[in-house]
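# Architecture at a glance
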Amino acid sequence: MKVNEIMQGFCSKNNIDISKEALAGFDTLCSSLLEFNAHTNLTAIKDEEGVAIKHFADSLAALRFDLVPVGARVIDIGCGAGFPGLPLAHVRRDLSVTFLDSTAKKLKFTEKACKELGISAEFLPVRAEEVSSDKKYRESFDIAVSRAVASLPVLLELSLPFVKVGGTFVAYKATGAAEELEMSKKAIPMLGGKYIETFEVELPESSDGEVLHHSLIVVKKVKNTPIQYPRRYAQMVKKPL
Ligand code: SAM
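A brief report on the enclosed structure follows.

Definitions and cut-offs
Residues numbered from 1 in each chain as written. Predicted model: local features only at pLDDT ≥ 70, side-chain atom pairs only at ≥ 80, totals over all residues. Heavy atoms only, no water. Helix = DSSP H or I, 4+ residues; strand = E, 2+ residues; numbered from the N terminus. Rg over C-alpha atoms; globule rule 2.2 N^0.38 Å. Buried < 20%, exposed > 50% of the residue type's maximum accessible area, 1.4 Å probe, protein only. Contact = heavy atoms within 4.5 Å. Polar contact = N/O pair within 3.5 Å; in protein donor to acceptor, adjacent residues only side chain to side chain. Phe/Tyr/Trp six-rings, centres within 6.5 Å; stacked < 30°, edge-to-face > 60°. Salt bridge = Lys/Arg side-chain N within 4 Å of Asp/Glu carboxyl O. Near = heavy atom within 4 Å. Areas by Shrake-Rupley, 256 points an atom, 1.4 Å probe, with all protein chains shown as cover. 1 Å grid on protein atoms, 1.4 Å probe; cavity = no way out; pocket = protein on both sides within 12 Å on 5 of 7 lines; lining within 4 Å. Sits in = over half its atoms within 2 Å of the grid points. Nonpolar A, V, L, I, M, F, W, Y, C, P; charged D, E, K, R; others polar.

Our focus in this paragraph is the overall build of the protein. From N to C terminus, the protein includes ten helices and seven strands. Since a compact globule built from 241 residues should have a radius of gyration of about 18 Å, the 17 Å found for the protein is in line with a globular shape. Overall size of the protein, expressed as C-alpha extent along the three principal axes, is 50 × 35 × 30 Å. Across the 241 residues of the protein, 56% fall into the buried class. Long-range contacts, defined as pairs at least 24 residues apart, comprise 69% of the intrachain contacts of the protein with a sequence gap of at least 6.

So this is what it looks like as structure tokens:
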């Protein structure tokens, strides 16, 4: 199946509004990603169907659960080549998205792809823990999203400082959501969060019959994050909260 057909099927099954132009945009994005990936390593997924299912549809899952309010200021932490933030920004032009990643070459692709799709966004080529205490970014986002960056306790310490009180953090997890949540029981309240729910996402079926199930872990920000967080990365990893 073609990229736009996979995306149309996924969006219609999950009640996600998507225009014809946005569907065509996913074809363009897929070609750009695979072309760039041929000379600069961005993703291990090298076929169109895999990109549509595992990058594009997976990224849009947050829309299925109405987690992203109209006009929200969103940050994608460790976005790499733009996932999940790029498909979200493409389908939801009302959002104001900041893409953050410490690997400049990946962020460069995200910036190029945004230009091609006519998305205006902010790009931060930095480590999350180095800017989350900056007044400009601390507790200033309605939504933080992140996929495949760190274990949940570390990810929470990297991400919750960016979220304003009343906002939401959404962690995209391919496997082990329940175990990671169990490991984060202390970290969530310590960082000002409250666990809300884990949503299960069914990705489109691949041509060889594989159906993947991923999870979205949703944490609400209910209090300010104490100023001592985030700690240095080595400390977060060595002694997770
Ligand atoms: N989120 C993308 C995705 O799902 O395709 C990329 C995932 S990739 C496995 C992990 C990314 O997180 C890398 O691009 C890496 O540079 C970034 N990263 C890891 N730790 C980070 C940190 N502390 N601050 C910013 N970026 C970080």
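Once the structure has been displayed, the description carries forward.
Before going further, it helps to spend a moment on the environment of D134. Here D134 shows up in the loop between α6 (128–131) and β4 (141–147). For D134, the side chain forms a polar contact with the main-chain nitrogen of K136, separated by 2.9 Å.

Right, let's get into the packing of aromatic side chains. By convention here, two paired aromatic rings are described through the distance between centres and the angle between planes. Under the defined criterion, the tally for this structure stands at six aromatic pairs. Measuring from ring centre to ring centre gives 5.6 Å for F99 and F123, while their planes differ by 10°; the resulting arrangement is stacked. Separated by 24 residues along the polypeptide, F99 in strand β2 (residues 96–100) and F123 in strand β3 (residues 122–124) bring together distant segments of the chain. An angle of 65° between the planes, with centres 6.2 Å apart, marks the rings of F141 and F162 as edge-to-face. Linking F141 in strand β4 with F162 in the loop between α7 (152–159) and β5 (163–173), this pair joins segments that are 21 residues apart in sequence. Its relative accessible area of 0% is what places F141 among the buried residues.

With the rule as written, the count across this model stands at ten salt bridges. When the shortest N-O distance is used, the salt bridge between D58 and R147 registers 2.8 Å. On the criterion of sequence distance, the pair formed by D58 in helix α3 (residues 48–64) and R147 in strand β4 is long-range, its members being 89 residues apart. By relative accessible area, R147 is classed as buried at 16%. For E129, the salt bridge goes to R127, with nearest N and O atoms at 2.6 Å. A relative accessible area of 15% places E129 in the buried class. Judged by its relative accessible area of 31%, R127 falls in the partly exposed class.

The subject of this paragraph is the site of the ligand. Near the ligand, the surroundings consist of 17 residues, among which G78, F83, D101, T103 and R147 are the closest. Note that a nitrogen atom of the ligand is positioned 2.8 Å from one of the backbone N or O atoms of G78. Here an oxygen atom of the ligand sits 3.4 Å away from a polar atom, N or O, in the side chain of K106. For the ligand, the accessible surface in isolation is 590 Å², of which the surrounding protein chains cover 81%. Using a 2 Å cut-off from the grid points, one finds that the ligand occupies the largest pocket. Of the residues belonging to the shell around the ligand, the class tally is eight nonpolar, four polar and five charged.

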